[in-house]
Amino acid sequence: MTHTTPRYEFRLFGVKEIDTFIESLQQQGTAGKVRHISEIYLMTAGNSENNIKIRNKLLDIKTLVRQENGLEQWNPAEVGTFPLAKEKIKNEIFPALGVESPALDREVYTLKQFMQELILVDPDIKVALTEKKRHAYDFADCICEYADVQINGAFVRTLAIESENPDLVYNAIERLNIGKDIENVNYPKALKRVLGLEIDYDINKFF
Amino acid sequence: MAKKELEIGAISKPRFEFRSFGQDFDVASYLMSRYSVPVPEKVWERESEEVYILSKTNDVNNTKIRDGKMDIKTFVTAVDGLEQWNPLMKGEFPISAEVLKNEVYPAFMVEVPEFDKAEYTLDEFFAMIESNPDLQAVRVRKERYGYMVNDTICEFADVLINGAHVVSINSESTELEDIKKTMKDLKVEDVENINYLQAIKRVIGWINKPLAN
């Protein structure tokens, strides 16, 4: 595995209300690259600490290191590029998913074999296909972005502020007028809500 | 014999329906607004918040709850790709164990649980849904814009499925040919017919198929 320094992160998701914060970022920040990215997220109900995704056949797992005063610190680690050996799948991927590894008949799995034979047939694992248009920004000495995201074809927007220094993240949050009542929602949590893997107690507000 | 004109919101014989979901129906919705005859003000814009109950075991019964009332429709037939659904039951919360046992759970096509009470509140019903891995409650918020094209009831809708946005268009009528003409006029002849159940199951990852666009 390769490792980089974990950053503190604040992220929110929305459809309409988030636009005010994005406009503020656009006005105050310096725009960087725009990237179109397709990713496959692997989701299970019991897992909230590991963010498991595949991009261009590269599977990486971000692990939640700590939650501190409303911020989260994630440690990114590359597991490897498909085709992947069964030991990696059994010893790293399934433990991160929090479900028991099935019997692995092959020594090595291509991405297609992995998805068709191990993931899509497992009732405990859900797949979120995401298409992201990510707009990078430099703002308040933080790495920021907003992104238009399709999750299995349904649209949400997200805004994120990241830095190795948590105080810089707090400062950026304040300058974007993001209220203290706004929840920090990471990707796995947002995906789990759309997929219905996380119980939404807000459901009762409709009645 | 002149065909009877459809009245929006009125109960009529079972209608056939074309519906689809995706991210971009700008052309179709523009054409819908231009071809439409004037419609009653009450259907210009409608907002609703509903909960759909999805069952892994079937795609033929569509259960939703709105304003504390449960409504189940059942699939009847498909002709030329257009679907016909009939009302199966309507109920109100609190709902009796008898109705749950004899009508609702059979529609879910899952094992019927033990009922230890005579009736159940909505919260209690949701708790039962949560405890069954084959069932899932999904929040759906709709903003619907009503039109009438070629004597078919049409709508364009902004829909949030568990908070994520999709767009839906539809045309429904008792007359198949009127829907087909409307699909042609709206340039959606080649667009896949995707009903609410299918769309929700795709978004929540129960069916690994894309939406129409």
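Residues numbered from 1 in each chain as written. Chains lettered and ligands numbered in written order. Predicted model: local features only at pLDDT ≥ 70, side-chain atom pairs only at ≥ 80, totals over all residues.

Turning our attention to the overall build of chain A. When its secondary structure is counted, chain A shows five helices and ten strands. Computed over the C-alpha atoms, the radius of gyration of chain A is 18 Å, within 12% of the 17 Å expected from 2.2 N^0.38 for a compact globule of 207 residues. Along the first, second and third principal axes, the C-alpha atoms of chain A reach 55 × 45 × 30 Å. Expressed as a percentage of the 207 residues in chain A, the buried residues total 37%. Pairs at least 24 residues apart make up 61% of the contacts formed inside chain A by residues separated by at least 6 positions. (Helix = DSSP H or I, 4+ residues; strand = E, 2+ residues; numbered from the N terminus. Rg over C-alpha atoms; globule rule 2.2 N^0.38 Å. Buried ≥ 20, exposed ≤ 12 C-beta atoms within 10 Å, placed from the backbone. Contact = placed C-beta atoms within 7 Å.)

Here we take up the overall build of chain B. Counting its secondary structure elements, chain B contains five helices and ten strands. Against the 2.2 N^0.38 benchmark of 17 Å for 213 residues, chain B shows a C-alpha radius of gyration of 18 Å, consistent with a compact globule. Counting only C-alpha atoms and orienting by the principal axes, one finds that chain B spans roughly 55 × 40 × 30 Å. Relative to its 213 residues, chain B shows a buried fraction of 37%. Residue pairs in contact within chain B that sit at least 24 positions apart in sequence constitute 63% of those at least 6 positions apart.

Attention now moves to the confidence of the model for chain B. All names here are of chain B. Overall, the prediction assigns chain B a mean pLDDT of 93, with 94% of residues at 70 or greater. When pLDDT is averaged over each helix and strand of chain B, the minimum, 92, is found for helix α3 (residues 122-130) and the maximum, 98, for helix α1 (residues 26-35). Both scores are available for the predicted complex, with the pTM at 0.90 and the ipTM at 0.87. (pLDDT = per-residue confidence, 0-100.)

Opposite the 22 residues of chain A that make contact, chain B presents 26 residues. Where the side of chain A that touches chain B is concerned, the elements lending two or more residues are β8 (125-139), β9 (142-151), β10 (154-163) and α5 (187-195) of chain A. Classifying every residue of the side of chain A that touches chain B by side-chain character gives 14 nonpolar, five polar and three charged. (Nonpolar A, V, L, I, M, F, W, Y, C, P; charged D, E, K, R; others polar.)

On to the environment of S101 of chain A. Its place among the elements puts S101 of chain A in the loop between α2 (86-97) and β7 (108-109). For the pair S101 of chain A and E87 of chain A, spaced 14 residues apart in sequence, the C-alpha to C-alpha distance is 11 Å.

This part covers the environment of I169 of chain B. Residue and element names in this part refer to chain B. Residue position: I169 is located in strand β10 (residues 164-173). Between the C-alpha atoms of I169 and A78, which are 91 residues apart in sequence, the distance is 18 Å. Those residues in contact with I169, other than ones at most four positions away along the chain, are S20, F25, A28, S29, M32, F156 and V188.

Right, let's get into the pairing of strand β4 (residues 69-79) of chain B. All names here are of chain B. Where strand β3 (residues 61-66) lies against β4, six bridges are found, and the strand directions are antiparallel. Counterpart to K64 in the pairing with β4 is D71. Hairpin connection of β3 to β4: two residues between the antiparallel strands, including D67 at a positive phi of 55°. Judged from the ten bridges that link them, β4 and strand β5 (residues 82-92) form a sheet pairing that is antiparallel. Among the inter-strand pairings, D71 is bridged to a residue of β5, identified as K90. Between the end of β4 and the start of β5, which pair antiparallel, lie two residues, with D80 showing a positive phi angle near 50°. (Pairing = 2+ DSSP bridges.)

A few words on the nonpolar core. Core analysis: the biggest nonpolar cluster contains 102 residues, and A172 and L191 of chain A together with I161, V166, I200 and V203 of chain B have the highest contact counts within it. When residues in this core are grouped by element, the largest group, seven residues, is from strand β9 (residues 152-161) of chain B. Setting aside anything within four residues of it in sequence, one finds A172 of chain A in contact with F139, A140, C142, C144 and I161 of chain A. (Core = buried A, V, L, I, M, F, W, Y, C linked by C-beta atoms within 7 Å.)

The next subject is unusual backbone geometry. Apart from glycine, the bulk of residues carry a negative phi angle, and the bulk of peptide bonds sit in the trans form. Residue P83 of chain A is reached from F82 of chain A by a cis peptide bond, and omega for that bond is 5°. Between F93 of chain B and the following residue, P94 of chain B, the backbone shows a cis peptide bond with an omega angle of -5°. In this structure, D141 of chain A takes a positive phi of about 60° despite not being glycine. Mapped onto the secondary structure, D141 of chain A falls in the loop between β8 and β9.

Now for α5 of chain A. One turn of an α-helix holds 3.6 residues; hence residues three or four places apart share an orientation. Residue and element names in this part refer to chain A. Of all nine residues in α5, eight are buried; the element is thus mostly enclosed. Buried within α5 are the following residues: Y187, P188, A190, L191, K192, R193, V194 and L195. A positive phi of about 80° marks G196, the residue just after α5.

Residues and elements named next belong to chain B. As for its placement among the helices and strands, F125 is situated in helix α3. F125 sits 32 residues away from F93 along the chain, and the two C-alpha atoms are 9.0 Å apart. Discounting residues that sit within four places of it in the chain, F125 has contacts with F93, I95 and Y120.

This next bit is on the confidence of the model for chain A. Across chain A, pLDDT averages 91, with 94% of residues at or above 70. Ignoring residues within four places in sequence, the model shows residues 203-207 of chain A, a span with pLDDT below 50, making ten contacts including any to other chains.

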